[in-house]
Every structure is written in structure tokens, then in C-alpha cells.
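One-letter residues, chain by chain:
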Amino acid sequence: MFGNIVRQPWQWILILVAGIGCTPVYEKAMIGQEELQTTTTESAGIFCNRFENYTPDQYSLIRTIRLNFHIMRTADGTTNFNEAQAKQYVRELIMVCNEKLADNQPMNLPEGNNTPALPTKIRLVLWGDAATGEDGIYFHDDDSTAWFNKKANGGLYSLGDQRPFRYATGGDSVINVFLIEHHWDSIRNNPDYNPSTSGVSFGKNIKLFGAYHNRYTDFYTNEGNLYNKGPWYYSGLLNHEVGHSLGLSHSWNTDDGCDDTPKNPGCWGNTGVPPCDGVTSNNMMDYNGCQCAITPCQLTKMHFNMWKENSSQRKVVDPVWCTYSNAQKVTIPRDSTVVFDAGRDFAGDIDIMEGATLIVRCTVSLPAGARIKVRPGAQLIVDGGLITNRCGEYWEGIEVWTHRKLEISGSVILSNDGKLEMVKSFLTEEPDSTL
Ligand SMILES: [Zn+2]
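Read on for an overview of the structure. Only a predicted model underlies this, so the values are computations on that prediction, with no experimental measurement involved.

Quick notes on the nonpolar core
The tendency in soluble globular proteins is for nonpolar side chains to be buried side by side.
Here comes step 1: Judged by nonpolar contacts, the single largest core of 41 residues is most densely connected at Ile65, Phe69 and Leu238.
Here comes step 2: A total of seven residues in this core trace back to one element, the largest contributor, which is helix 1 (residues 83–102).
Here comes step 3: Apart from residues no more than four positions distant in its own chain, Ile65 is found in contact with Ile122, Arg123, Leu124, Val125, Ile175, Leu246, Met306, Val316 and Val317.
Here comes step 4: Counting residues in hydrophobic clusters, the runner-up holds 30 residues, among them Ile332, Phe340, Ile352 and Trp395.

Printed below as a string of C-alpha cells:
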């Protein structure tokens, strides 16, 4: 399939200056646009839109979701967390959420499953605004947005009431989480009103109910031990609502498009009473006491959404792929063949080791300052894919290495309409600094 290669004479530019008294083993040269080998066939890259290819792996960047929090209080400023309480609570909540996301558990269901518990590569961060010094926790003393009443079917204080969202901050770049209390009068006047741990996602806005009440109420276990339903108790719920915002559906009662999330009775835990007397679900998108297992299919869906250009999910991810980091170097191991058949955002160089082949079939984004190193005997094949920068800047270019004694070089091949864009070394003059 690479039969029509037109080989150009390689015009190496020596960029390594020989050290005193020794000759370097390698020549390293930035490849020029005219030096690229290209082939053309009829098919082009069709891999980018296959969501099933977006399973996070060792090359995937961690996606960090930006959150702001809003403490909704009555006009007198009481009825919910005060400032000191909120700062402590929210930070602990995010910490526990991240512990769960970092410790993905094997699925309980179906019984006997061998569904892998992959690293989620998803974390949460309290965002705020570095420019103004805002810490991301906001207080709103407003009677019209202070309550949730689960008995209200619509309008004020109902589940669907969007009045609180007028206080959202950060535009499209942050998910706003509103901590709203169950209406105290409703609790007092209705003995059967359960101020439960619950929430709802409206995409970039999330409501969590009853966090304050449950944090500062004394509960007792069956053995008589005192406990409260603090941040750990709400962590599964917040991750669940963020899961909705990232594109996941419930799994126990709906077809969520995943084969690895079986329908189930939706038990909070094992009560000993049918149907909750056997193994119960621990999946994040079910209602249960753990919400600590996320399947490969669920991860794949979220990561695909966070990849898609202009998706609401991508906008709330901290764009670390726009800032070069030495620590984020991607290494393609010696003599291996690695295929990127899904979109990739990287925050550092790609180093293709000796004898290795990297095949790019979708889009790879590199930050300004990053380069691809193609070591002797290594190959970079852009097979219908695109290597570019998704931040409006230029990445550095491709550095091809030649072993002087062995006369072995790395090679770069564009096939099936493969493209390199936003390459600084291809420019004839310095890029416009306003870009
Ligand atoms: Zn839900």
C-alpha cells in the first residue's frame, strides 16, 4: 500500500554540533515539508468517530473536570454551610471523589464477570478564577434559590427549577455544582419527607441536595455507632452526576448503550430482602452505597465526548494539552508497533524509539514546543490521520534521527491523505504572535 513512494533526497541539517573531541552518534534534523514521503489511495481516515476506540490506555492524558460550587442559602445567610464549613466540605468532597476515580473497582454485576477495572483517567478539580483570586466556592443568599422540595412537581424549588443557575460562573468552561438544602418546612410538616442524598445533572449545571443537613445530623448505625453523612457519603453521588454531565445514562433501568452494565433491581445495598438479597450493583451510574465501579464502555463514552471538538464535555476539561510539559512525554517502546486509531491530546513530545512504528489514523494534538522524535530505524506513519495543534498554536515539528555509523535513519510516511498541520518547522517565517 506504500508502493507509490516518491523518494526525495534527504537534506539533513545538522543541528547537533559536535562536542570537543568526540563525534555524536546521531544526527538529528527537523524534517522539511518537501522531504515527506507520501502515498495516495482512495480511503481516508475514518477512525476518529468510532467511540469504541476511545478506551483510556497508558497513553491517555488524565482529563480533569473543572467544577465551581455554589452554596445556596436564605436571604439571612443561614440554612446552609457557612464559609469556613463550605471550604472544608467542598475540598474534602473533591478529594474523596478523586480517590474513588483513582481506585476504580471491579464490577459486582453480572455475577462472575471479568470486566476489567481500567484506570479512569478522569479527575475533578475545584476551579474558581485564577485571574480574580476566586477559589471556586460562591455563596448566594437568596430566598428564591435556597431550597429544594421533592414534592414540588414544577416551578419554585422543584427538581427542574433552573433559577439557581443564574448564579453559574465560568461560562461554558466549568461545571457549576449547586448545594441546595431540602426545604426545612417540608421536612418539619411532612413526617414522611426524607431529606435524602440526591441530585440531578443539567449538563453544565448540577444540583446536589441535602449535603449540609446530612453532614451536620447525627446518624446511628444498627450497632448504635454515631456517624454523619459527610463528604464521603456524597462522593459517589457527585461522581454520578458528573457522569451524567459527561454523557452517561443510568444503567439499572435503561439501555445505556453499554454491554458491560447489566440491568439490575437498583438496590442501594444488600438488605437481605428480595430482590436486594444477593450481589448488588456497585456501578457509578446505579443508585447504591458505593458508586465506585466504572466499566470500560462507560469510560470510553466519556473520553470520546471529552475528545470531540466543541462538545460541551470538552469545554469543561482543563486543557493541559495546550501547555508543553516535559513530564508528559509519550514514549513508543523500542521495536513495538503502536496504532493510534482514536483522537489523542498530548501535552509533551512523542519519542518513537529505535525500531518502533507509530501509526496515526485519527488526530493527534501536540502543544506548542512539542516535537516528535523519530529515532534510527523508527517509523512514523500518518495513515489517514492528522497531527496538529488544537489550541491555535504551532507544534515544533518532526525530528528525524540518523545513526551515523550504521547509516540508519528514522522515516516519516504520510499515507491515505495523512496530514501534518500547524508545524512550526514548516513555516518560512515566524508565526504571527497574535495567533
Ligand atoms: Zn442519575
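Describing unusual backbone geometry
Here comes step 1: Here the residue pair Leu109 and Pro110 is connected by a cis peptide bond, since its omega of -10 degrees sits within 30 degrees of zero.
Here comes step 2: The residue Pro110 is located in the loop between helix 1 and strand 4 (122–126) in this model.
Here comes step 3: Geometrically, the link from Pro274 to Pro275 is a cis peptide bond, its omega value of 5 degrees lying close to zero.
Here comes step 4: Structurally, Pro275 is set in the loop between helix 4 (231–245) and helix 5 (296–307).
Here comes step 5: Phi at Gln291 is positive, roughly 45 degrees, even though this residue is not glycine.
Here comes step 6: If you trace the backbone, Gln291 turns up in the loop between helix 4 and helix 5.
Here comes step 7: Its identity is not glycine, yet Asn416 carries a phi of approximately 50 degrees, on the positive side.
Here comes step 8: As for its placement among the helices and strands, Asn416 is situated in the loop between strand 23 (411–415) and strand 24 (419–420).

With respect to the side chain of Thr115
Here comes step 1: Inspection of the secondary structure assignment puts Thr115 in the loop between helix 1 and strand 4.
Here comes step 2: Residues in contact with Thr115, not counting those within four places in the same chain, are Met107, Asp260, Thr295 and Pro296.

Regarding the state of the cysteines
Here comes step 1: Considering all chains together, one arrives at five disulfides under this definition.
Here comes step 2: Note on cysteine connectivity: Cys290 is disulfide-linked to Cys292, with sulfurs 1.9 Å apart. What sets the handedness of the Cys290 and Cys292 disulfide is the S-S torsion sign, and at about 100 degrees it is right-handed.
Here comes step 3: Two residues, Cys322 and Cys391, share a disulfide whose sulfurs are 2.0 Å apart. Judged by the torsion about the S-S bond (-90 degrees), the Cys322/Cys391 disulfide is left-handed. Taken together, the positions of Cys322 in the loop between helix 6 (312–315) and strand 12 (330–332) and Cys391 in the loop between strand 20 (386–388) and strand 21 (397–403) put the pair 69 residues apart, joining distant regions of the chain.
Here comes step 4: Owing to a relative accessible area of 22%, Cys391 belongs among the partly exposed residues under this scheme.
Here comes step 5: Take Cys97: it sits in no disulfide, and the sulfur closest to it among the cysteines is that of Cys292, at 13 Å.
Here comes step 6: Judged by its relative accessible area of 0%, Cys97 falls in the buried class.

Side note on the coordination of the zinc ion
Here comes step 1: Note on the zinc ion: its protein donors are His240 (NE2), His244 (NE2) and His250 (NE2). The metal-donor distances range over 2.0 to 2.1 Å.
Here comes step 2: Every donor residue of the zinc ion comes from the same chain, spaced as H-x3-H-x5-H.
Here comes step 3: Residue His244 is classed as partly exposed on the basis of its relative accessible area of 24%.

Section: helix 1
In an α-helix, one full turn covers 3.6 residues, which means residues spaced three or four apart are oriented alike.
Here comes step 1: Here helix 1 contains 20 residues, and its C-alpha end-to-end distance of 28 Å stays within 8% of the 28 Å for a straight helix at 1.5 Å per residue.
Here comes step 2: All of the buried residues in helix 1 are Ala86, Tyr89, Val90, Leu93, Ile94, Val96, Cys97, Asn98 and Leu101.
Here comes step 3: Buried residues along helix 1 sit against strand 3 (63–73), strand 4, strand 5 (137–141), strand 7 (175–182), helix 3 (211–215) and helix 4.
Here comes step 4: Between the side-chain oxygen at the start of helix 1 and the backbone nitrogen of Ala84 there is a gap of 3.1 Å, and the oxygen is on Asn82.

Re the packing of aromatic side chains
Here comes step 1: Per the stated rule, a full pass over the model turns up 18 aromatic pairs.
Here comes step 2: Note on Tyr59 and Phe340: the rings are 5.5 Å apart at their centroids and 70 degrees apart in plane angle, and the pair reads as edge-to-face. A residue pair is termed long-range when its members are at least 10 positions apart, and Tyr59 in the loop between strand 2 (37–38) and strand 3 and Phe340 in strand 13 (residues 337–340) qualify at 281 residues.
Here comes step 3: On the accessibility criterion, Tyr59 (12% relative accessible area) is buried.
Here comes step 4: Among the residues examined, Phe340 registers a relative accessible area of 0% and is labelled buried.

What to know about the pattern of salt bridges
Here comes step 1: This structure, assessed with the given rule, holds 18 salt bridges.
Here comes step 2: Residues Asp185 and Arg188 are paired through a salt bridge, measuring 3.0 Å at the closest nitrogen-oxygen approach. With Asp185 and Arg188 both in helix 2 (residues 184–189) and three residues apart, the pair spans about one turn of that helix.
Here comes step 3: You can call Asp185 partly exposed: its relative accessible area is 41%.
Here comes step 4: On the basis of relative accessible area, Arg188 is assigned to the exposed category, the value being 58%.
Here comes step 5: With a shortest N-O distance of 2.7 Å, Arg375 and Asp351 are connected by a salt bridge. Taken as a pair, Arg375 in the loop between strand 18 (371–374) and strand 19 (379–383) and Asp351 in strand 15 (residues 350–352) lie far apart in primary sequence, 24 residues in all.
Here comes step 6: Taking relative accessible area as the criterion, Arg375 reaches 15% and is therefore assigned buried.
Here comes step 7: Connected through salt bridges with shared partners, the residues Arg63, Glu309, Arg314, Asp345 and Arg390 form a single ionic network.

Reading the values: the criteria
- Residues numbered from 1 in each chain as written.
- Predicted model: local features only at pLDDT ≥ 70, side-chain atom pairs only at ≥ 80, totals over all residues.
- Heavy atoms only, no water.
- Core = buried A, V, L, I, M, F, W, Y, C linked by side-chain atoms within 4.5 Å.
- Buried < 20%, exposed > 50% of the residue type's maximum accessible area, 1.4 Å probe, protein only.
- Helix = DSSP H or I, 4+ residues; strand = E, 2+ residues; numbered from the N terminus.
- Contact = heavy atoms within 4.5 Å.
- Disulfide = S-S within 2.5 Å.
- Donors = N, O, S within 2.8 Å, 3.2 Å for Na, K, Ca; no water.
- Expected span 1.5 Å × (residues − 1).
- Polar contact = N/O pair within 3.5 Å; in protein donor to acceptor, adjacent residues only side chain to side chain.
- Phe/Tyr/Trp six-rings, centres within 6.5 Å; stacked < 30°, edge-to-face > 60°.
- Salt bridge = Lys/Arg side-chain N within 4 Å of Asp/Glu carboxyl O.

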